[in-house]
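# Examining the three-dimensional arrangement
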Amino acid sequence: MKRVHNFNAGPCVLPKAAINATIEALRDFSGTGMSVIEVSHRSKEWQAVMDETEMLWKEILNIPDGYKVLFLGGGASLQFLMVPMNFLEKKAAYLETGVWAKKALKEAKGIGEVVCVASSADTTYNYIPKGYAIPTDADYFHITTNNTIYGTEIREDMDCPIPLIADMSSDIMSRPVDVSKYTLIYGGAQKNVGPAGVTFAIVKEEALGKMSRYLPTMLDYRTHVENGSMFNTPPVFSILVMNETLKWLKSIGGLKVMQQMNEEKSSMLYNEIDRNSMFVGTAEKASRSVMNICWIMADGYKDKEELFMAFAKERGMVGIKGHRSVGGFRASLYNACPKESVGALVACMQEFEKLNK
Ligand SMILES: *Cc1c(COP(=O)(O)O)cnc(C)c1O
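Given the structure is predicted, the values throughout are model-derived calculations rather than measurements.

How each quantity is defined
- Residues numbered from 1 in each chain as written.
- Predicted model: local features only at pLDDT ≥ 70, side-chain atom pairs only at ≥ 80, totals over all residues.
- Heavy atoms only, no water.
- Helix = DSSP H or I, 4+ residues; strand = E, 2+ residues; numbered from the N terminus.
- Patch = residues over 30% accessible without salt bridge, like charges linked within 9 Å, V, L, I, M, F, W, Y side chains within 5 Å.
- Areas by Shrake-Rupley, 256 points an atom, 1.4 Å probe, with all protein chains shown as cover.
- Salt bridge = Lys/Arg side-chain N within 4 Å of Asp/Glu carboxyl O.
- Near = heavy atom within 4 Å.
- Polar contact = N/O pair within 3.5 Å; in protein donor to acceptor, adjacent residues only side chain to side chain.
- Nonpolar A, V, L, I, M, F, W, Y, C, P; charged D, E, K, R; others polar.
- Buried < 20%, exposed > 50% of the residue type's maximum accessible area, 1.4 Å probe, protein only.
- Domains from an automatic or database assignment.
- Contact = heavy atoms within 4.5 Å.
- Buried area = accessible area lost by both parts, 1.4 Å probe.
- Core = buried A, V, L, I, M, F, W, Y, C linked by side-chain atoms within 4.5 Å.
- Axes fitted to C-alpha atoms, helices over the stretch in contact; angles between N-to-C directions.
- Parallel < 35°, antiparallel > 145°, perpendicular 65-115°, else oblique.
- Left-handed = near helix turned anticlockwise from the far one by under 90°.
- Pairing = 2+ DSSP bridges.
- Right-handed = clockwise from strand over helix to strand, strands pointing away.

### Notes on the environment of Glu 206
Tracing the chain through its elements places Glu 206 in the loop between β10 (199-204) and α5 (221-226). Through-space distance from the C-alpha of Glu 206 to that of Thr 183 is 9.1 Å; in sequence the pair is 23 residues apart.

In C-alpha coordinates:
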(Lines give C-alpha, C1' and ligand atoms only; values in the text may rest on other atoms or scores of the structure.)
Protein backbone atom coordinates (compact mmCIF):
# COMPACT_ATOMS: atom_id res chain seq x y z
CA MET A 1 0.00 0.00 0.00
CA LYS A 2 1.24 3.47 -0.91
CA ARG A 3 1.95 5.58 2.16
CA VAL A 4 0.44 9.07 2.22
CA HIS A 5 0.26 11.79 4.83
CA ASN A 6 -3.45 12.10 5.57
CA PHE A 7 -4.56 15.55 6.75
CA ASN A 8 -8.25 15.11 5.89
CA ALA A 9 -10.68 17.11 8.04
CA GLY A 10 -13.18 14.28 8.54
CA PRO A 11 -13.54 11.43 7.89
CA CYS A 12 -9.86 11.34 8.66
CA VAL A 13 -6.82 9.34 9.62
CA LEU A 14 -7.44 6.60 12.20
CA PRO A 15 -4.94 4.54 14.21
CA LYS A 16 -3.45 1.66 12.24
CA ALA A 17 -4.03 -0.62 15.24
CA ALA A 18 -7.75 0.19 15.14
CA ILE A 19 -7.97 -0.48 11.40
CA ASN A 20 -6.16 -3.81 11.71
CA ALA A 21 -8.37 -4.94 14.60
CA THR A 22 -11.42 -3.94 12.56
CA ILE A 23 -10.26 -5.99 9.59
CA GLU A 24 -9.96 -9.00 11.89
CA ALA A 25 -13.46 -8.40 13.34
CA LEU A 26 -14.85 -8.13 9.83
CA ARG A 27 -13.51 -11.63 9.19
CA ASP A 28 -14.32 -13.22 12.53
CA PHE A 29 -15.89 -11.25 15.35
CA SER A 30 -14.91 -12.35 18.85
CA GLY A 31 -14.58 -16.00 17.81
CA THR A 32 -18.24 -16.18 16.77
CA GLY A 33 -17.48 -17.52 13.29
CA MET A 34 -19.31 -14.48 11.90
CA SER A 35 -18.32 -11.04 10.75
CA VAL A 36 -19.13 -8.16 13.12
CA ILE A 37 -21.57 -6.94 10.47
CA GLU A 38 -23.40 -10.29 10.58
CA VAL A 39 -23.90 -10.83 14.32
CA SER A 40 -27.04 -9.99 16.23
CA HIS A 41 -26.83 -6.75 18.14
CA ARG A 42 -28.65 -8.62 20.93
CA SER A 43 -25.88 -11.21 21.24
CA LYS A 44 -23.75 -11.26 24.38
CA GLU A 45 -20.62 -10.72 22.28
CA TRP A 46 -22.03 -7.48 20.91
CA GLN A 47 -23.37 -6.34 24.28
CA ALA A 48 -19.81 -6.73 25.58
CA VAL A 49 -18.58 -4.27 22.94
CA MET A 50 -21.29 -1.74 23.85
CA ASP A 51 -20.46 -2.01 27.55
CA GLU A 52 -16.73 -1.81 26.97
CA THR A 53 -17.06 1.21 24.66
CA GLU A 54 -19.02 3.18 27.24
CA MET A 55 -16.50 2.13 29.92
CA LEU A 56 -13.61 3.32 27.74
CA TRP A 57 -15.28 6.71 27.29
CA LYS A 58 -15.84 7.04 31.03
CA GLU A 59 -12.34 5.93 31.89
CA ILE A 60 -10.39 7.94 29.29
CA LEU A 61 -12.41 11.15 29.67
CA ASN A 62 -12.81 10.68 33.45
CA ILE A 63 -16.59 11.13 33.20
CA PRO A 64 -18.20 11.55 36.63
CA ASP A 65 -21.19 9.54 37.90
CA GLY A 66 -24.55 10.81 36.75
CA TYR A 67 -23.62 10.98 33.06
CA LYS A 68 -24.52 8.53 30.29
CA VAL A 69 -22.54 8.10 27.09
CA LEU A 70 -24.88 7.54 24.14
CA PHE A 71 -24.12 6.28 20.65
CA LEU A 72 -26.62 7.68 18.19
CA GLY A 73 -27.32 8.14 14.50
CA GLY A 74 -27.81 11.29 12.47
CA GLY A 75 -24.42 12.94 12.99
CA ALA A 76 -23.67 16.08 14.96
CA SER A 77 -26.12 17.75 12.56
CA LEU A 78 -29.09 15.94 14.14
CA GLN A 79 -27.82 16.97 17.58
CA PHE A 80 -28.29 20.57 16.45
CA LEU A 81 -32.03 19.79 16.63
CA MET A 82 -32.07 17.28 19.51
CA VAL A 83 -30.34 19.78 21.81
CA PRO A 84 -33.06 22.47 21.66
CA MET A 85 -35.86 19.89 21.62
CA ASN A 86 -34.58 18.38 24.87
CA PHE A 87 -33.28 21.50 26.63
CA LEU A 88 -34.89 24.66 25.25
CA GLU A 89 -38.08 25.51 27.12
CA LYS A 90 -38.10 29.30 26.69
CA LYS A 91 -34.78 30.70 25.58
CA ALA A 92 -31.27 29.54 24.69
CA ALA A 93 -27.95 31.35 24.22
CA TYR A 94 -25.47 30.53 21.44
CA LEU A 95 -21.93 31.59 20.61
CA GLU A 96 -21.49 31.87 16.83
CA THR A 97 -17.92 30.88 16.00
CA GLY A 98 -18.39 29.29 12.58
CA VAL A 99 -20.83 27.68 10.20
CA TRP A 100 -21.34 24.64 12.42
CA ALA A 101 -22.26 26.94 15.32
CA LYS A 102 -24.53 28.87 12.97
CA LYS A 103 -26.27 25.68 11.84
CA ALA A 104 -26.81 24.68 15.47
CA LEU A 105 -28.27 28.12 16.18
CA LYS A 106 -30.60 27.88 13.19
CA GLU A 107 -32.15 24.63 14.45
CA ALA A 108 -32.68 26.14 17.91
CA LYS A 109 -34.51 29.09 16.37
CA GLY A 110 -37.08 26.67 15.02
CA ILE A 111 -37.80 25.51 18.58
CA GLY A 112 -37.74 28.70 20.66
CA GLU A 113 -36.16 32.06 21.39
CA VAL A 114 -32.42 32.23 20.73
CA VAL A 115 -29.90 34.87 21.81
CA CYS A 116 -26.64 35.01 19.87
CA VAL A 117 -24.27 36.34 22.56
CA ALA A 118 -21.41 37.08 20.15
CA SER A 119 -20.28 36.27 16.63
CA SER A 120 -16.98 36.40 14.76
CA ALA A 121 -18.70 36.27 11.37
CA ASP A 122 -17.41 39.79 10.61
CA THR A 123 -13.88 38.45 10.04
CA THR A 124 -14.77 35.03 8.57
CA TYR A 125 -14.73 33.50 12.06
CA ASN A 126 -10.96 33.81 12.53
CA TYR A 127 -11.19 34.36 16.30
CA ILE A 128 -13.14 33.29 19.38
CA PRO A 129 -15.12 36.26 20.74
CA LYS A 130 -14.44 37.27 24.34
CA GLY A 131 -16.11 39.51 26.89
CA TYR A 132 -19.70 38.65 26.01
CA ALA A 133 -22.48 38.34 28.57
CA ILE A 134 -24.33 35.05 29.01
CA PRO A 135 -28.00 35.72 29.84
CA THR A 136 -28.64 34.00 33.16
CA ASP A 137 -32.31 33.44 32.35
CA ALA A 138 -31.51 31.24 29.33
CA ASP A 139 -32.01 27.48 29.56
CA TYR A 140 -28.48 26.73 28.30
CA PHE A 141 -25.43 28.18 26.57
CA HIS A 142 -24.22 26.40 23.43
CA ILE A 143 -20.62 26.53 22.22
CA THR A 144 -18.61 24.85 19.47
CA THR A 145 -15.26 24.11 21.09
CA ASN A 146 -13.33 23.58 17.86
CA ASN A 147 -14.19 25.33 14.62
CA THR A 148 -13.04 22.77 12.11
CA ILE A 149 -13.26 25.03 9.06
CA TYR A 150 -11.50 28.13 10.46
CA GLY A 151 -8.97 26.56 12.83
CA THR A 152 -10.06 28.27 16.03
CA GLU A 153 -10.63 26.55 19.35
CA ILE A 154 -11.91 27.12 22.87
CA ARG A 155 -9.35 25.07 24.76
CA GLU A 156 -10.48 25.66 28.31
CA ASP A 157 -13.58 24.42 30.08
CA MET A 158 -15.33 27.69 30.92
CA ASP A 159 -17.29 28.45 34.06
CA CYS A 160 -20.83 29.04 32.91
CA PRO A 161 -23.67 30.39 35.06
CA ILE A 162 -26.23 28.28 33.17
CA PRO A 163 -26.09 24.72 31.76
CA LEU A 164 -23.28 24.46 29.21
CA ILE A 165 -23.70 22.42 26.03
CA ALA A 166 -20.81 21.82 23.64
CA ASP A 167 -20.35 20.52 20.13
CA MET A 168 -16.94 18.85 20.47
CA SER A 169 -17.05 17.03 17.13
CA SER A 170 -13.52 17.94 16.11
CA ASP A 171 -11.60 18.14 19.38
CA ILE A 172 -13.16 15.50 21.61
CA MET A 173 -10.46 13.31 23.20
CA SER A 174 -7.71 15.71 22.16
CA ARG A 175 -7.21 16.94 25.74
CA PRO A 176 -8.58 16.21 29.23
CA VAL A 177 -12.00 17.82 29.71
CA ASP A 178 -13.78 18.65 32.97
CA VAL A 179 -17.03 16.95 31.98
CA SER A 180 -18.73 18.10 35.20
CA LYS A 181 -18.88 21.62 33.74
CA TYR A 182 -21.14 20.47 30.91
CA THR A 183 -24.73 19.31 30.76
CA LEU A 184 -24.17 17.79 27.34
CA ILE A 185 -21.18 17.17 25.08
CA TYR A 186 -21.82 15.78 21.62
CA GLY A 187 -20.21 15.25 18.25
CA GLY A 188 -19.81 13.12 15.16
CA ALA A 189 -17.21 10.39 15.71
CA GLN A 190 -15.51 10.86 12.37
CA LYS A 191 -13.05 13.58 13.40
CA ASN A 192 -11.23 12.06 16.34
CA VAL A 193 -12.84 8.90 17.72
CA GLY A 194 -13.86 6.72 14.80
CA PRO A 195 -15.45 6.55 11.37
CA ALA A 196 -18.62 8.28 10.19
CA GLY A 197 -21.93 6.68 11.18
CA VAL A 198 -21.97 7.09 14.93
CA THR A 199 -22.55 10.19 17.05
CA PHE A 200 -21.56 10.44 20.70
CA ALA A 201 -23.54 12.29 23.34
CA ILE A 202 -22.37 12.56 26.95
CA VAL A 203 -25.42 13.66 28.86
CA LYS A 204 -26.08 14.59 32.47
CA GLU A 205 -29.04 12.40 33.36
CA GLU A 206 -30.65 14.72 35.90
CA ALA A 207 -30.99 17.45 33.24
CA LEU A 208 -33.36 15.32 31.15
CA GLY A 209 -37.14 15.18 31.29
CA LYS A 210 -37.79 18.85 32.01
CA MET A 211 -39.53 19.86 28.76
CA SER A 212 -43.24 20.49 28.41
CA ARG A 213 -43.30 19.69 24.67
CA TYR A 214 -43.89 16.29 23.13
CA LEU A 215 -40.58 14.65 22.23
CA PRO A 216 -40.62 12.16 19.35
CA THR A 217 -39.29 8.84 20.65
CA MET A 218 -36.08 8.80 18.63
CA LEU A 219 -35.29 12.45 19.42
CA ASP A 220 -35.69 12.02 23.18
CA TYR A 221 -32.33 11.37 24.89
CA ARG A 222 -34.21 9.39 27.58
CA THR A 223 -35.13 6.74 25.00
CA HIS A 224 -31.45 6.08 24.38
CA VAL A 225 -30.46 6.31 28.05
CA GLU A 226 -33.14 3.77 29.00
CA ASN A 227 -32.18 1.39 26.21
CA GLY A 228 -28.38 1.56 26.42
CA SER A 229 -28.20 3.15 22.94
CA MET A 230 -29.99 0.11 21.52
CA PHE A 231 -33.59 1.25 21.22
CA ASN A 232 -33.07 0.49 17.56
CA THR A 233 -30.25 -1.32 15.78
CA PRO A 234 -27.03 0.57 16.52
CA PRO A 235 -24.38 1.27 13.85
CA VAL A 236 -22.34 -1.77 14.88
CA PHE A 237 -19.46 -1.29 12.47
CA SER A 238 -18.85 2.34 13.47
CA ILE A 239 -19.09 1.56 17.17
CA LEU A 240 -16.61 -1.28 16.79
CA VAL A 241 -14.05 1.00 15.12
CA MET A 242 -14.68 3.60 17.83
CA ASN A 243 -14.06 0.93 20.46
CA GLU A 244 -10.74 0.00 18.85
CA THR A 245 -9.76 3.68 18.48
CA LEU A 246 -10.39 4.27 22.18
CA LYS A 247 -8.36 1.18 23.10
CA TRP A 248 -5.47 2.63 21.12
CA LEU A 249 -5.86 5.97 22.87
CA LYS A 250 -5.79 4.27 26.25
CA SER A 251 -2.75 2.19 25.27
CA ILE A 252 -0.65 5.22 24.38
CA GLY A 253 -1.32 6.73 27.81
CA GLY A 254 -4.64 8.56 27.60
CA LEU A 255 -5.52 12.21 27.26
CA LYS A 256 -2.61 13.89 29.05
CA VAL A 257 -0.18 12.16 26.71
CA MET A 258 -2.45 12.82 23.74
CA GLN A 259 -2.71 16.50 24.58
CA GLN A 260 1.06 16.81 24.78
CA MET A 261 1.49 15.04 21.44
CA ASN A 262 -1.17 17.22 19.83
CA GLU A 263 0.40 20.43 21.12
CA GLU A 264 3.78 19.31 19.89
CA LYS A 265 2.42 18.56 16.41
CA SER A 266 0.49 21.81 16.07
CA SER A 267 3.46 23.86 17.35
CA MET A 268 5.68 22.30 14.69
CA LEU A 269 3.32 23.44 11.95
CA TYR A 270 2.44 26.85 13.42
CA ASN A 271 6.15 27.58 13.91
CA GLU A 272 6.78 26.85 10.25
CA ILE A 273 3.80 28.95 9.10
CA ASP A 274 5.09 31.87 11.21
CA ARG A 275 8.71 31.42 10.10
CA ASN A 276 8.10 30.81 6.38
CA SER A 277 7.75 34.14 4.56
CA MET A 278 5.62 32.58 1.80
CA PHE A 279 2.79 31.58 4.15
CA VAL A 280 0.59 33.24 6.74
CA GLY A 281 -1.81 31.76 9.31
CA THR A 282 -5.46 32.83 9.10
CA ALA A 283 -6.66 32.31 12.70
CA GLU A 284 -5.86 34.94 15.31
CA LYS A 285 -2.96 33.59 17.39
CA ALA A 286 -4.81 33.56 20.72
CA SER A 287 -7.62 31.49 19.17
CA ARG A 288 -5.53 28.96 17.24
CA SER A 289 -6.76 25.38 17.12
CA VAL A 290 -4.55 22.43 17.97
CA MET A 291 -6.58 20.20 15.64
CA ASN A 292 -7.14 22.14 12.39
CA ILE A 293 -4.37 24.44 11.21
CA CYS A 294 -5.34 26.97 8.52
CA TRP A 295 -3.05 29.13 6.43
CA ILE A 296 -2.84 30.94 3.09
CA MET A 297 -0.12 32.25 0.77
CA ALA A 298 1.42 35.49 2.07
CA ASP A 299 1.05 38.76 0.14
CA GLY A 300 3.24 38.68 -2.91
CA TYR A 301 2.84 34.92 -3.34
CA LYS A 302 -0.93 34.64 -3.82
CA ASP A 303 -0.42 33.31 -7.36
CA LYS A 304 1.58 30.34 -6.01
CA GLU A 305 -1.31 28.61 -4.23
CA GLU A 306 -1.95 26.00 -6.90
CA LEU A 307 1.76 25.47 -7.36
CA PHE A 308 2.19 24.64 -3.67
CA MET A 309 -0.84 22.37 -3.73
CA ALA A 310 0.65 20.35 -6.60
CA PHE A 311 4.09 20.39 -4.95
CA ALA A 312 2.67 19.02 -1.70
CA LYS A 313 0.56 16.43 -3.48
CA GLU A 314 3.64 15.10 -5.25
CA ARG A 315 5.22 14.59 -1.83
CA GLY A 316 2.30 12.53 -0.52
CA MET A 317 0.28 15.21 1.29
CA VAL A 318 -3.45 14.48 1.20
CA GLY A 319 -6.33 16.69 2.31
CA ILE A 320 -4.56 20.03 2.79
CA LYS A 321 -6.93 22.09 0.67
CA GLY A 322 -8.72 24.68 2.82
CA HIS A 323 -12.49 24.55 3.14
CA ARG A 324 -14.17 26.12 0.12
CA SER A 325 -15.52 28.96 2.26
CA VAL A 326 -12.05 30.16 3.33
CA GLY A 327 -9.66 28.89 0.64
CA GLY A 328 -5.93 28.40 1.19
CA PHE A 329 -4.78 25.38 3.14
CA ARG A 330 -5.87 23.38 6.14
CA ALA A 331 -4.08 20.49 7.80
CA SER A 332 -6.09 18.51 10.32
CA LEU A 333 -3.76 17.05 12.93
CA TYR A 334 -6.18 14.74 14.71
CA ASN A 335 -5.04 12.27 17.37
CA ALA A 336 -4.06 9.52 14.93
CA CYS A 337 -2.07 11.83 12.64
CA PRO A 338 1.56 10.82 13.26
CA LYS A 339 4.24 13.38 14.08
CA GLU A 340 6.17 12.12 11.05
CA SER A 341 3.39 13.36 8.77
CA VAL A 342 3.60 16.83 10.30
CA GLY A 343 7.38 16.72 9.90
CA ALA A 344 6.96 15.80 6.24
CA LEU A 345 4.56 18.71 5.67
CA VAL A 346 6.93 21.15 7.39
CA ALA A 347 9.84 19.88 5.26
CA CYS A 348 7.70 20.26 2.16
CA MET A 349 6.93 23.91 3.03
CA GLN A 350 10.62 24.61 3.64
CA GLU A 351 11.63 23.03 0.36
CA PHE A 352 8.97 25.00 -1.48
CA GLU A 353 10.27 28.25 -0.01
CA LYS A 354 13.85 27.45 -1.08
CA LEU A 355 12.78 26.74 -4.64
CA ASN A 356 10.21 29.50 -5.17
CA LYS A 357 11.09 32.55 -3.13
C1 LIG B 1 -18.06 17.96 11.13
C2 LIG B 1 -18.70 18.79 12.15
C3 LIG B 1 -20.11 18.77 12.34
C4 LIG B 1 -21.04 17.96 11.47
O5 LIG B 1 -20.96 16.64 11.80
P6 LIG B 1 -21.87 15.54 11.07
O7 LIG B 1 -21.61 14.34 11.89
O8 LIG B 1 -21.39 15.44 9.66
O9 LIG B 1 -23.28 15.98 11.13
C10 LIG B 1 -20.63 19.54 13.34
N11 LIG B 1 -19.86 20.31 14.12
C12 LIG B 1 -18.51 20.36 13.97
C13 LIG B 1 -17.69 21.22 14.87
C14 LIG B 1 -17.90 19.60 12.97
O15 LIG B 1 -16.57 19.65 12.81
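### Let's talk about a nonpolar patch on the surface
On the surface, Leu 26, Ile 37 and Phe 237 cluster together to form a nonpolar patch covering roughly 250 Å² of accessible area. Considering the arrangement of structural elements, one finds Ile 37 in the loop between α1 (16-27) and α2 (44-61).

### Here's the deal with the site of the ligand
Near the ligand, the surroundings consist of 14 residues, among which Ser 77, Thr 148, Asp 167, Gln 190 and Lys 191 are the closest. A distance of 3.0 Å is found between an oxygen atom of the ligand and a backbone nitrogen or oxygen belonging to Ala 76. Protein contact buries 88% of the 390 Å² of open area that the ligand shows by itself. Within the shell around the ligand, the residues separate by chemical class into three nonpolar, nine polar and two charged.

### Examining unusual backbone geometry
The omega torsion of the bond from Gly 10 to Pro 11 falls at -5°, within 30 degrees of zero and hence cis. Considering the arrangement of structural elements, one finds Pro 11 in the loop between β1 (5-6) and α1. In the Ramachandran plot, Asn 62 falls in the positive-phi region, its phi being about 55° despite a non-glycine side chain. On the secondary structure map, Asn 62 appears in the loop between α2 and β2 (67-72). On the accessibility criterion, Asn 62 (62% relative accessible area) is exposed. Of note, the phi angle at Ser 229 is positive, near 60°, even though the residue is not glycine. Topologically, Ser 229 is positioned in the loop between α5 and α6 (236-251).

### Focus on the pattern of salt bridges
Tallied over the full model, the rule gives 21 salt bridges. A salt bridge links Glu 59 to Lys 250; its shortest N-O distance comes to 3.1 Å. On the criterion of sequence distance, the pair formed by Glu 59 in helix α2 and Lys 250 in helix α6 is long-range, its members being 191 residues apart. Residue Glu 59 is classed as partly exposed on the basis of its relative accessible area of 43%. One salt bridge connects Glu 107 with Lys 106, and the closest N-O pair in it is separated by 3.8 Å. What makes Glu 107 partly exposed here is its relative accessible area of 26%. Connected through salt bridges with shared partners, the residues Glu 52, Glu 244 and Lys 247 form a single ionic network.

### Regarding the domain arrangement of the protein chain
Each domain of the protein chain was delimited in the assignment, giving domain 1 (16-251) and domain 2 (254-356). The partner domain 2 presents 25 residues to the 25 residues of domain 1 that form the contact. Taken together, the two surfaces of domain 1 and domain 2 that pack against each other cover about 2,100 Å², and 55% of this comes from carbon and sulfur. For the pair domain 1 and domain 2, the number of links is one salt bridge. The closest approach of N and O atoms between Glu 263 and Arg 155, which form a salt bridge, is 2.5 Å.

### What to know about the nonpolar core
Counting residues in each nonpolar core, the largest one holds 80 residues, and the members touching the most others are Trp 57, Leu 269, Trp 295 and Phe 308. Both domains that meet at this core, namely domain 1 (16-251) and domain 2 (254-356), each give it at least three residues. Ignoring any residue separated from it by four or fewer positions in sequence, one finds Phe 308 in contact with Phe 279, Trp 295, Met 297, Ile 320, Phe 329, Cys 348, Met 349 and Phe 352.

### Things to note about the packing of helix α3 (residues 75-87) against helix α4 (residues 99-109)
The relative placement of two packed helices is expressed as an angle between their axes plus a distance between the axes. Axis separation between α3 and α4 bottoms out at 8 Å; the angle between their running directions is 40°. As the angle between them shows, α3 and α4 are arranged oblique. In the packing of α3 onto α4, the handedness of the crossing is right-handed. Listed contacts from α4 to Ser 77, Phe 80, Leu 81 and Pro 84 of α3 are Trp 100, Lys 103, Ala 104, Glu 107 and Ala 108. In terms of residue class, the contact of α3 with α4 is built from six nonpolar, one polar and two charged.

### Some points on the sheet that holds β10
Ordered by their spatial adjacency, seven strands build an open sheet running β2-β10-β9-β8-β5-β3-β4, and the pairing between neighbours is mixed. Among the strands making up the open sheet, the edge pair consists of β2 and β4 (113-119). Strand-to-strand twist across the sheet, computed as the mean angle between neighbouring axes with direction ignored, equals 20°. Of the strand pairs in this sheet, strand β8 (residues 164-167) and strand β9 (residues 184-188) are connected by three bridges, and their pairing is parallel. Residue pairing for β9: Asp 167 is matched across the bridge by Tyr 186. Each of β2 and β10 is contacted by α2, which is oriented at about 125° to β2, the strand it contacts most.

### Points about the pairing of strand β3 (residues 91-96)
Counting buried residues in β3 gives six out of six residues, a clear majority hidden from the surface. Along β3, one buried face is formed by Lys 91, Ala 93 and Leu 95 and the opposite face, lined by Ala 92, Tyr 94 and Glu 96, is buried too. Bridge count for β3 against β4 is six bridges, and the pairing is parallel. Across the sheet, Glu 96 pairs through a bridge with Ser 119, a residue of β4. After leaving β3, the chain enters α4 and then returns to the sheet as β4, a path that is right-handed. Judged from the two bridges that link them, β3 and strand β5 (residues 141-144) form a sheet pairing that is parallel. Paired with Ala 93 across the bridge in β5 is Phe 141.

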